[in-house]
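# Summary of structural features
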Amino acid sequence: AQSVTQLDSQVPVFEEAPVELRCNYSSSVSVYLFWYVQYPNQGLQLLLKYLSGSTLVKGINGFEAEFNKSQTSFHLRKPSVHISDTAEYFCAVSDRENSGGYQKVTFGIGTKLQVIP
Amino acid sequence: SAVISQKPSRDICQRGTSLTIQCQVDSQVTMMFWYRQQPGQSLTLIATANQGSEATYESGFVIDKFPISRPNLTFSTLTVSNMSPEDSSIYLCSVEVWGIYEQYFGPGTRLTVT
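A brief structural summary.

Scoring rules and cut-offs
- Residues numbered from 1 in each chain as written.
- Chains lettered and ligands numbered in written order.
- Predicted model: local features only at pLDDT ≥ 70, side-chain atom pairs only at ≥ 80, totals over all residues.
- Heavy atoms only, no water.
- Contact = heavy atoms within 4.5 Å.
- Buried area = accessible area lost by both parts, 1.4 Å probe.
- Salt bridge = Lys/Arg side-chain N within 4 Å of Asp/Glu carboxyl O.
- Helix = DSSP H or I, 4+ residues; strand = E, 2+ residues; numbered from the N terminus.
- Buried < 20%, exposed > 50% of the residue type's maximum accessible area, 1.4 Å probe, protein only.
- Pairing = 2+ DSSP bridges.
- Disulfide = S-S within 2.5 Å.

### Let's talk about the interface of chain B and chain A
With 24 residues of chain B at the interface, the matching set in chain A holds 22 residues. Taken as a group, Trp98, Tyr101 and Phe105 of chain B account for 30% of the area that chain B buries against chain A, more than any other trio of residues on that side. In this structure, lysine 49 of chain A and glutamate 102 of chain B form a salt bridge, with 3.8 Å as the shortest nitrogen-oxygen distance. Elements supplying a minimum of two residues to the side of chain B that touches chain A: strand 4 (31-37), strand 5 (43-50), strand 9 (89-96) and strand 10 (103-105) of chain B. Here the element with the most residues in the side of chain B that touches chain A is strand 4 of chain B; it accounts for four residues.

What follows is the structure in structure tokens.
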């Protein structure tokens, strides 16, 4: 079984300031890791994913995340946020060993990022 | 990629009634997923719908309460039956293109049960 913990339910940050959204996971096997974003009244959209290789993953809209296996973390960062980044962000994990081509994905409870003008 | 639409976008229903949610994809996909998103909680997988076979339900979800149809490779429905206020939630469908390890989500159906 796998689980995801997002340590902050809400993160307020001023525009143009940096932000880090924290995510820790638990799994007994190797995993794939994801960050999704959900804008108001919309579905989830993939920001970035870690499958293998470099532990620093770059995604859309200037976001990046770093996979840290020893700390079982996959924190999301952006050096300078914009008002348009206001949204809810979900960290997710899937089991690499049991993918069979399709994944069963476990999501965190989400972190609401509020960018203050 | 895949573009997904859902109908209705929102609805307010009375206790004891049923609502069928439709999910349409702009390309053929094998697997479709139905999730529930409750306030303050993570997305919870209800079931996986594979075209041509019975849906596979997760623990805590049963076919009598959430019957699913998957008549072809671009369409699926989820019915929320005999609704109670506890069923008030956002229901999302998603698809995954085989081997890409990325899910595409519909905009969701916001259901309120009174």
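Next, the rest of the story.
### Focus on the pairing of strand 12 (residues 111-116) of chain A
Residue and element names in this part refer to chain A. Burial of strand 12 is one-sided: the residues Thr111, Leu113 and Val115 facing one way are buried, the residues Lys112, Gln114 and Ile116 facing the other way are not. The pairing of strand 2 (residues 10-14) with strand 12 spans five bridges and is parallel. For phenylalanine 14, the partnering residue across the bridge sits in strand 12 and is isoleucine 116. The pairing of strand 10 (residues 87-95) with strand 12 spans three bridges and is classified as antiparallel.

### Section: the state of the cysteines
If you walk through the whole model with that rule in mind, you get two disulfides over all chains. Residue pairing for cysteine 23 of chain A: its cysteine sulfur links by disulfide to cysteine 91 of chain A, the two sulfurs lying 1.9 Å apart. Disulfide cysteine 23 of chain A-cysteine 91 of chain A: the torsion about the S-S bond is -65 degrees, which places it as left-handed. Note that cysteine 23 of chain A is positioned in the loop between strand 3 (19-21) and strand 4 (24-26) and cysteine 91 of chain A in strand 10, a separation of 68 residues in sequence. Between cysteine 13 of chain B, a cysteine without a disulfide, and cysteine 93 of chain B, which holds the nearest cysteine sulfur, the sulfur-to-sulfur distance is 17 Å. Judged by relative accessible area, cysteine 13 of chain B falls into the buried class, the value being 8%.

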